[in-house]
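Geometric and topological summary
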Amino acid sequence: MASNKIQFRSIHELKDQSLNAKLAQKEFQNEIPVDEFLGDADKMNNSGTSRRDFLKLLGFSTAAVTLAACEAPVVKTIPYVVKPHSIIPGIPNYYASTYFDGFDFASVLVKTREGRPIKIEPNPAAKDLGKTNARAQASVLSLYDNDKVKQPQLDGSEAIFDKVDDEVIKALVAAQAANKKIVVLSHSYPSPTFKKLFGDFKTKYPNAELVTYDAYTYAAALDAAQEVFGNRALPVYDLSTSELVVSFQADFLGDYNASSLETSYAAARKPSEKMLRHVQVESNMSLTGANADERIIQKPSAVNKTLVEVYNAVVGAGSSDKVASEIAKELQAKGSKAVVFADGSKAAYVLAHLINQKLGSEAFTGKANLLKEYDHARFTEFLAWLNAGQVGVLVANNVNPIYSHAKGADFEKALAKVSTLIAVTDKKNALADKAKVIIPATHWLENWADIAPQTGAYSLIQPTIQKIYKSRQLEDSLLVWMNGKGNAANNYYEYLKANAPSILGGTSFNQALYNGFNAGNVTGNLSYTGGDAAKASSELKAFKASELELVLYTKTSMGDGTQANNPWLQELPDPITRMAWDNYLTISPKDAEKFKIENELNARMQLDGTVVNLKVNGVTIENVPVFIQPGQAEGSVGLALGYGKKGTGKIAETGVNAYPLFDGYNTVVSGVTIEIADADDHEFAGIQLQNTLMGRYEIAKEVPLETYLKGDVNEWNKPLTMETLKGTLPMGKVDLWDAFDDTDGPHFNLSVDLNSCIGCGACIIACQAENNVPVVGKDEIRMSRDMYWLRIDRYYSAKEKIEVKEGLDRGLDVPNLYDILIEPNESPDVIFQPVMCQHCNHAPCETVCPVAATSHGKQGQNQMAYNRCIGTRYCANNCPYKVRRFNWFTYNLNDKFDYNMNNDLGRMVLNPDVVVRTRGVMEKCSMCIQMTQATILEAKKEGRRIEDGELQTACSKACSTGAMKFGDMNDKSSEVRALYNDKRRYVLLEEIGTKPNVFYHTKVRNRKENNV
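Here is what the cut-offs are and how they apply
Residues numbered from 1 in each chain as written. Predicted model: local features only at pLDDT ≥ 70, side-chain atom pairs only at ≥ 80, totals over all residues. Heavy atoms only, no water. Helix = DSSP H or I, 4+ residues; strand = E, 2+ residues; numbered from the N terminus. Buried < 20%, exposed > 50% of the residue type's maximum accessible area, 1.4 Å probe, protein only. 1 Å grid on protein atoms, 1.4 Å probe; cavity = no way out; pocket = protein on both sides within 12 Å on 5 of 7 lines; lining within 4 Å. Points joined across faces, edges and corners; volume = space filled by probe spheres on them. Nonpolar A, V, L, I, M, F, W, Y, C, P; charged D, E, K, R; others polar. Pairing = 2+ DSSP bridges. Patch = residues over 30% accessible without salt bridge, like charges linked within 9 Å, V, L, I, M, F, W, Y side chains within 5 Å. Areas by Shrake-Rupley, 256 points an atom, 1.4 Å probe, with all protein chains shown as cover. Salt bridge = Lys/Arg side-chain N within 4 Å of Asp/Glu carboxyl O. Lys, Arg positive; Asp, Glu negative; His and termini not counted. Charge placed at Lys NZ, Arg CZ, Asp CG, Glu CD. pLDDT = per-residue confidence, 0-100. Contact = heavy atoms within 4.5 Å. Phe/Tyr/Trp six-rings, centres within 6.5 Å; stacked < 30°, edge-to-face > 60°.

**Structural notes on unusual backbone geometry**
Most peptide bonds adopt trans geometry, and most residues besides glycine take a negative phi value. At Gln 249, a position not held by glycine, the phi torsion is positive, near 65°. Tracing the chain through its elements places Gln 249 in the loop between β9 (244-248) and α12 (262-268). At Cys 928, a residue that is not glycine, the phi angle is positive and equals roughly 45°. Structurally, Cys 928 is set in the loop between β41 (922-923) and α35 (929-941). The class of Cys 928 is buried, set by a relative accessible area of 6%.

This is the structure:
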């Protein structure tokens, strides 16, 4: 008998049973003029139909997404009658390209699905230049930014390119006739073909000038290179054979020298008698300083004096400074195997270069890094033209000095003297608001271009998707304005293709495009030709010390702020402070006490902090939150650049803008005062607030190099044993269950080397992109509801810490002992430890799940069946590693979480191989099961064995230091099996018998008392 029950989907439908029909009628309120534009390219391009309506028509299906795929005409792809030859549904395509946004560079492979880019991978052919940081990994999400400028604008109203070009050409002709400057103001753009194109443009308009402007300028480094090498290019270093590196304020594992040295640094840090020793002299606790063997904390004025004394001692003039003498003694002992880095001012760079010249440092390769082109003198000349009213046309290529220049307000006033201001920009900003013409800038994934990053290297950029909006790259605009509208030569792809062979030599353009990264005819070798040490020393000594001194820096997540509207990067916790969604003033514990600044944890373990007004040489930034940072030099404070962008998107407005304090030259500033602001305490969003291991477990193990080299592993990594009825047994032999045979087929293990992990966070973003991990926002992070499948714990440890037993022996009661254990030392050591699901062979989560939603696979993966999970959270409670995440909310299609998953465009980044989870289920690391299964299936189809290195996870692929290695333990020749047999290997919480398939390698610190 049929049921008489009324079925309904909402209370509203129950009250009005005709609601469903009414909604169906209103699904498409406006008739979509399909017949008018389908098959007619001109009508389609000029149709008033919105993208939203078009996606409604297509139901956001596979065919809809493919509309944006390269060389996939709309007429063919809507019905898929003629399938694009390069697209097989369900199979990813990879395109070699180059990530460059004016600040960061990497040669990459772009993973696309059905024509849409969804993941950025390193290009192994490019070696060090193919390594991706967190910002490169996250840049794919910036492609799908819903806050972008979507259409050209003229005089504040939307327009078509035809009218815009008429206006611009008219303005260019008028400026040339009036003998006024035509200035293209662009970020650093080391593109040989662009330079040639601008030369052609200047032939058409002789008054044209190309001026480079970068928010984070590298001006001091470039000026120093000009003085020492006679070439305005940054030196390229290789640390792989170095045995000693001494750094003065230089964050060379971050954004120092326009590149990161993490790959060669990690190679040199392999434990051996010749392991690289790292000494860091700095004020802020930087990412590089956190990885140092010896960290010497000094305020900026003291760092400058120490650098001068080290130079004097190295060149033989001697020094009475004890610290400097010891450093110089080590440098002289290592000779050519040593290298010195410095940052903060031109003088610091000059002295570092001259010390390296004296040492004959092998780390100096002689190659030139060509990625930075800012010239302070040239930009000052441009400002003079601007203020004198000599600029007739200004084309600003994705730069905004109103935001990022110290004199941004003055620059804004001077723009009123420009006859025609053209903003080529991806988002609205203060400069675009004043522009007569706005041209939406293309994303690098929509571009054709080339880049010459360093001596002998040449990279191509190719589009991996058609332009999502009506955007146009600067080169295409210059061609139109130079040749006139409708000219057959207005094709930058053809222009690039014609010019590239002159740089490539014998390599064909198609082959070069396939490679992505190529050897090229790019010159610029460096050699020591000058350098005024006396002048540099005098300038460093003249740095005026003050009670408080400021160090401006860039975060690993935000960089110079180019991608400030990217929620993946805003939510990525800082590796040192573990705070997300903020920048803040870092201050030492002693100075915090002195200035009555507090950081307090409430009952929910949420951190609240004092807010101050920061004044530096007459410039005031109000309401700056303060974070008390162990390891910060007394008398110094630090503040990150790149935050506080207004009017470019709600995500980018996070934090305060520190650029008004940056003169474009010096990142260390004296004359700093702070006063407590009349504002409520700031609410921080912290991922990890505990400061030490509190003596309870050996989770992040470390050992001195000397002890490690002695060879007695029982001293520092003694195998754990347990007393049983059968006697003393190794922990791995004690078992409550019968083991099943897992030798048939692959058995996956992941190795994590704490000696190589620098805490950069690239693996976190790679995991987020691959596995559709949602952004939850600042409020939820503050509630400890982050959804990360992978975290990097940061542990502080004092050089001489009190162990629990020692404290009890000294008569300390438990409360006093606890206070000592959780209070970090003023100069703590730091260890970074990536933690994800450990994929235990005896997983505690599996035994408590009442619905068998989590189970163990034969390949060693702890698996989740999301549609079976009912959200009891028993598994999370029973997991000793705390790596499971509970979905408190539906993060997609939810206005409360209005990030990328709440709009059609943002969801285009989602990986179709991984389900988007819903509210009320548990989720965690899957060891990228979709990637391992794809590799296995491919090998099966080809009838061959899987080669070592083929099996990868998102985190192991993204790791530029090789800290993470993934592979098959049943392959006896595999790298992961060899790593398993290393004496540094251990597993987390071995004593509880979970038998993880993730294992770690003990960190080794090179702290020999005598390095001579």
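**Brief notes about empty space enclosed by the protein**
By the definition in use, this model includes 14 cavities of 30 Å³ or more. Of the voids in this model, the largest cavity is the one considered here, and its volume is about 430 Å³. If you trace the largest cavity, you find 31 residues lining it, with Asp 251, Asn 284, Ser 286, Tyr 553 and Thr 554 closest to the centre. The greatest single-element share of the lining of the largest cavity, amounting to 3 residues, is contributed by strand β20 (residues 549-553). Across the lining of the largest cavity, the residue classes break down as 13 nonpolar, 12 polar and 6 charged.

**Some thoughts on helix α29 (residues 762-770)**
Of all 9 residues in α29, 9 are buried, a share of seventy percent or more. One or two positions beyond α29, positive phi appears at Asn 772, with a value near 55°.

**Considering the sheet that holds strand β42 (residues 964-968)**
If you walk across this open sheet you meet the 4 strands as β42-β35-β44-β43, and the pairing is mixed. Each of the sheet's edge strands pairs with one partner strand only, and the pair in question is β42 and β43 (985-986).

**Observations concerning a negative patch on the surface**
A surface patch of like charges, here negative, comprises Glu 598, Glu 600, Asp 678, Asp 680 and Asp 681. Structurally, the position occupied by Asp 681 is in the loop between β29 (672-676) and β30 (682-683).

**A short note on the confidence of the model for the chain**
Across the chain, the average pLDDT comes to 86, with 87% of residues at 70 or higher. A low-confidence stretch, residues 1-14 stays under pLDDT 50, and its non-local contacts, those more than four residues away or across chains, total 8 contacts. Across residues 51-79, confidence stays below pLDDT 50; counting only partners more than four residues off in sequence or on other chains, it has 62 contacts.

**What to know about the pattern of salt bridges**
Going through the model one piece at a time under the given rule, you end up with 52 salt bridges. Two residues, Glu 227 and Lys 346, come together in a salt bridge whose shortest N-O distance is 3.1 Å. Here Glu 227 is found in helix α11 (residues 219-229), whereas its partner Lys 346 is found in helix α16 (residues 346-359), with 119 residues between them in sequence. The class of Glu 227 is partly exposed, set by a relative accessible area of 23%. Its salt-bridge partner being Arg 984, residue Asp 753 comes within 2.9 Å of it at the nearest N-O pair.

**Examining the packing of aromatic side chains**
On inspection of all chains with the given rule, the structure shows 39 aromatic pairs. Where Phe 103 meets Tyr 218, the ring centres are 6.5 Å apart and the plane angle is 35°; that geometry is what we call tilted. With Phe 103 in the loop between β1 (93-100) and β2 (105-113) and Tyr 218 in the loop between β7 (208-212) and α11, this residue pair connects regions lying 115 residues apart in the sequence. Note on Phe 103: relative accessible area 6%, which makes it buried. Residue classification places Tyr 218 among the buried positions, given a relative accessible area of 7%. On the numbers, 5.7 Å between centres and 45° between planes, the contact of Phe 379 with Phe 382 is tilted.

**Some details on α11**
When you tally the buried positions in α11, you get 9 out of 11 residues, the bulk of the element. Those residues of α11 that are buried are in contact with β8 (234-237), α16 and β13 (364-369). The positive-phi residue at the C-terminal boundary of α11 is Gly 230, with phi of around 70°.

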